[in-house]
Each structure stands twice: as structure tokens, then as C-alpha cells.
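Chain residues, written in single-letter form:
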Protein chains: 2
Amino acid sequence: MELFEAIHCRASYRKPFRDAPVGKEQLEQIVEAGILAPSGYNDQTTSFVVITDPTLRAEVAELTGNGEAVRTAQAIIVVIMDPRTGEGRDFQFGVENYAAATENMLLAVTALGFASVWIDGALRRDDVAGKIGRLLSVPPELEVRVILPVGVPAEEPRQAAKKSLAERAWFNGYGA
Amino acid sequence: MELFEAIHCRASYRKPFRDAPVGKEQLEQIVEAGILAPSGYNDQTTSFVVITDPTLRAEVAELTGNGEAVRTAQAIIVVIMDPRTGEGRDFQFGVENYAAATENMLLAVTALGFASVWIDGALRRDDVAGKIGRLLSVPPELEVRVILPVGVPAEEPRQAAKKSLAERAWFNGYGA
């Protein structure tokens with residue numbers, strides 16, 4: 001799929017997925033897109049666990065409130081951040097890094113004909129992120145930050161309406 | 001350009017740009033890619049100022065240490081975050097939002113045959129971000145977070161080497 005088409009078609013899909021497979025090679029292609037995202041100092045602070053095991057998927061669905069997308073997804077990509085500031089580094093870019101990786105993966109999901117949604121806030125309550133981390137043997141010094149349910153959408157994904165260019169961007173001065 | 005090609009070709013380009021134009025329509029297409037990125041609660045907390053004015057460009061180059069890319073760029077896209085948590089919102093996703101928008105723009109830059117680099121840390125020292133904000137009349141409640149110099153690269157951009165999939169991603173368990 002052409003880049004700009006993928007950017008226009010990417011949508012936050014929260015509805016059920018069809019009972020159709022998502023192949024291992026396609027999942028690897030999606031995660032590879034995440035790996036190729038930029039990171040501050042090229043420190044590559046983001047790592048990934050792809051859940052395909054049905055029991056683990058059901059446990060993550062349960063922990064996150066059994067939303068339709070997570071409950072019916074054929075795979076769940078878990079995005080993990082290393083929050084530590086590297087030696088000799090002035091700044092930590094962990095959040096920026098995993099966000100760029102997540103956006104790359106959402107575009108890859110779209111280009112391959114699947115759908116997903118960036119789930120983040122639901123992990124910040126009641127230590128859900130920590131519980132998912134322990135379920136997947138994520139080292140305690142790392143943080144689970146996002147999950148992406150992936151599957152073939154049963155309904156047409158629709159991108160949320162966005163404000164226009166004129167309302168959010170200007171040349172040579174804010175609001176100019 | 002095909003999405004996966006754009007993801008593979010995107011590079012952090014810090015070398016000089018050629019004295020070749022970057023059109024207003026192309027800059028709008030790049031910023032539109034940023035606008036279409038997802039944001040928490042669809043709150044669209046990211047806004048943009050595109051600097052094409054040569055005097056303003058020179059001032060931003062001066063403020064950020066006169067790196068070759070910023071000094072020779074035909075345009076500089078300034079990425080601005082609203083750090084306020086919206087009413088009725090439990091969380092603030094400003095960093096995630098601008099990072100996803102920035103990644104979309106870097107891919108668009110690549111697809112259009114230009115190059116850029118995500119400049120962030122250089123703005124966090126000596127209130128450089130604040131100085132750029134005041135230069136561009138950015139409201140004081142908002143934060144300048146990133147600048148992207150944009151131009152036709154004089155040298156071939158090369159993506160930094162990344163660890164392999166096997167070193168950063170696993171199925172059904174961390175390090176499995």
C-alpha cells in the first residue's frame with residue numbers, strides 16, 4: 001500500500017475481528033516496521049512480545065476489560081519500554097521511541113489489510129501493565145506501555161475526524 | 001512510495017541539503033500526514049509551524065547550534081505540544097501524540113524524496129524550545145518539542161543500523 005493511503009486509512013478499530021488468521025510472517029513484518037522506527041541516540045529502547053497463544057490472549061483480554069477488539073484479536077502485540085537513561089545520555093526518549101514504533105506498526109497493520117487500535121490508558125489503571133508484564137516474564141525494570149490487538153476487521157475501520165490543516169498548522173508563525 | 005519502502009528508507013539526516021526548493025504543497029502534504037496521526041481521546045494536542053522565511057530559519061539554526069541540516073534546510077517544521085490534560089480526561093498523551101505525528105511526517109518526507117532528522121534534545125537545553133516558541137508567537141501554555149529540517153539531501157541518507165527482530169521481539173513471552 002502506498003504510504004499516504006496507509007496514513008489516511010489507519011483507524012482506531014475497537015470492534016470485533018473476524019475469525020480469520022494473522023500469519024506469523026505478517027506479524028513479524030509488522031514488528032519489523034516497529035523496529036525500524038527512529039529512537040533517541042539510536043538507543044532502541046522499545047521491545048515487543050507478540051501474543052498468539054489463545055490462553056494468554058484471553059488473560060490479556062480479561063485484564064483489560066474484555067473489549068471486543070482485544071477479545072477477538074488473533075494476535076496482540078505488546079509494546080515494552082526501557083525507561084532507563086543510558087550511560088552518558090542527557091535525556092531519556094523512551095516514550096517518544098515507543099510511540100514512533102507503535103505508529104509504524106499501525107501503518108503496517110493497515111497496509112497488510114488488518115486493523116488495530118493503540119491501547120494505552122487501560123493499562124495505566126490498577127497495575128494492568130505490571131500484570132501483563134509478569135504474565136509475559138517481562139523483566140521488572142522494563143514497562144509494558146501499549147497493546148495492539150491485530151486481526152481482520154469484521155466492520156469497516158473509520159479514522160476519527162481530524163481538524164483541518166488550517167486549524168492546526170501555519171507558516172512562519174503560530175496562528176499566522 | 002510503498003509504505004514498507006518508506007519505513008526502510010527513513011533516515012536521520014544531519015548533513016547539508018542542496019539548494020533546491022521544497023514546495024508549499026509538499027510541505028502541506030507532510031504536515032497533513034502529521035495531522036492524521038492518532039492521538040489519545042482524539043484530542044489532537046499537536047500543532048505545527050512551518051518555517052520557510054530565511055530570516056526565521058537562520059535564527060532557529062543559530063539557536064540550535066548551527067548544525068548543517070538545520071542551517072541548509074529549505075524549511076523547518078516545528079512540532080508543538082499542548083501539555084494540558086483535557087477536561088474529563090484521566091491521562092495526558094501529549095508526548096505520544098506528537099511522536100506519532102512526527103513519525104508520520106518523517107515517512108512523508110522520505111516518500112516525497114526529501115530528508116529530515118528528528119531534533120529534540122537540542123531544544124531542551126538553555127530554554128531553546130522557549131526561545132523558538134517566542135520567535136514564532138507560540139502561546140506560552142504550549143511547548144515546542146521537536147524541529148524537523150526538510151530539504152533535498154546532498155548526500156545519500158542512511159538509516160542507522162538496528163538490532164535484529166530476534167534481539168527485540170518474541171512470541172508469547174519476553175525473551176522466549
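Keep in mind that what you see is a predicted model, and the values were worked out from it rather than measured.

Of the regular secondary structure elements, chain A holds seven helices and four strands. Secondary structure elements of chain A, listed N to C terminal, follow the sequence α-α-β-α-α-β-α-α-β-α-β. If one aligns the C-alpha atoms of chain A with their principal axes, the spans along those axes are about 55 × 45 × 30 Å. Per-residue burial over chain A gives 55% buried out of 176 residues. Looking at chain A alone, contacts between residues at least 24 apart form 80% of all its contacts between residues at least 6 apart.

Moving on: unusual backbone geometry. Residue and element names in this part refer to chain A. Its identity is not glycine, yet Ser-137 carries a phi of approximately 60°, on the positive side. We classify Ser-137 as exposed; its relative accessible area is 52%. Positive phi values are uncommon outside glycine, yet Asn-172 reaches one of about 65°. Residue placement: Asn-172 occurs in the segment after strand S4 (169-171).

The subject of this paragraph is the nonpolar core. In globular proteins that are soluble, nonpolar side chains generally tend to be buried together. By size, the foremost hydrophobic cluster in this structure holds 74 residues, and its most contacted members are Leu3(A) and Leu3(B). Excluding residues within four positions of it along the chain, Leu3(B) makes contact with Met1(A), Glu2(A), Leu3(A), Ala6(A), Leu107(A), Ala108(A) and Ala111(A).

Taken residue by residue, the interface counts 72 residues in chain A and 72 residues in chain B. Scanning the region where chain A abuts chain B turns up six salt bridges. Between Asp90(B) and Arg125(A) there is a salt bridge whose closest N-O contact spans 2.5 Å. Applying the counting criterion to the chain A and chain B interface returns 38 residue pairs in polar contact (both at pLDDT 80 or more). Those elements that place two or more of their residues in the side of chain A that touches chain B are helix H1 (3-9), helix H2 (24-35), strand S1 (46-51), helix H5 (94-111), helix H7 (165-168) and S4 of chain A. Among the elements that line the side of chain A that touches chain B, the one with the most residues is H5(A), at 11 residues. Where S4(A) meets strand S1 (residues 46-51) of chain B, three bridges bridge the pair, whose relative direction is parallel. Bridging across to S1(B), Phe171(A) finds its partner in Val50(B).

Basis of the calculations
Residues numbered from 1 in each chain as written. Chains lettered and ligands numbered in written order. Predicted model: local features only at pLDDT ≥ 70, side-chain atom pairs only at ≥ 80, totals over all residues. Heavy atoms only, no water. Helix = DSSP H or I, 4+ residues; strand = E, 2+ residues; numbered from the N terminus. Buried < 20%, exposed > 50% of the residue type's maximum accessible area, 1.4 Å probe, protein only. Contact = heavy atoms within 4.5 Å. Core = buried A, V, L, I, M, F, W, Y, C linked by side-chain atoms within 4.5 Å. Salt bridge = Lys/Arg side-chain N within 4 Å of Asp/Glu carboxyl O. Polar contact = N/O pair within 3.5 Å; in protein donor to acceptor, adjacent residues only side chain to side chain. Pairing = 2+ DSSP bridges.

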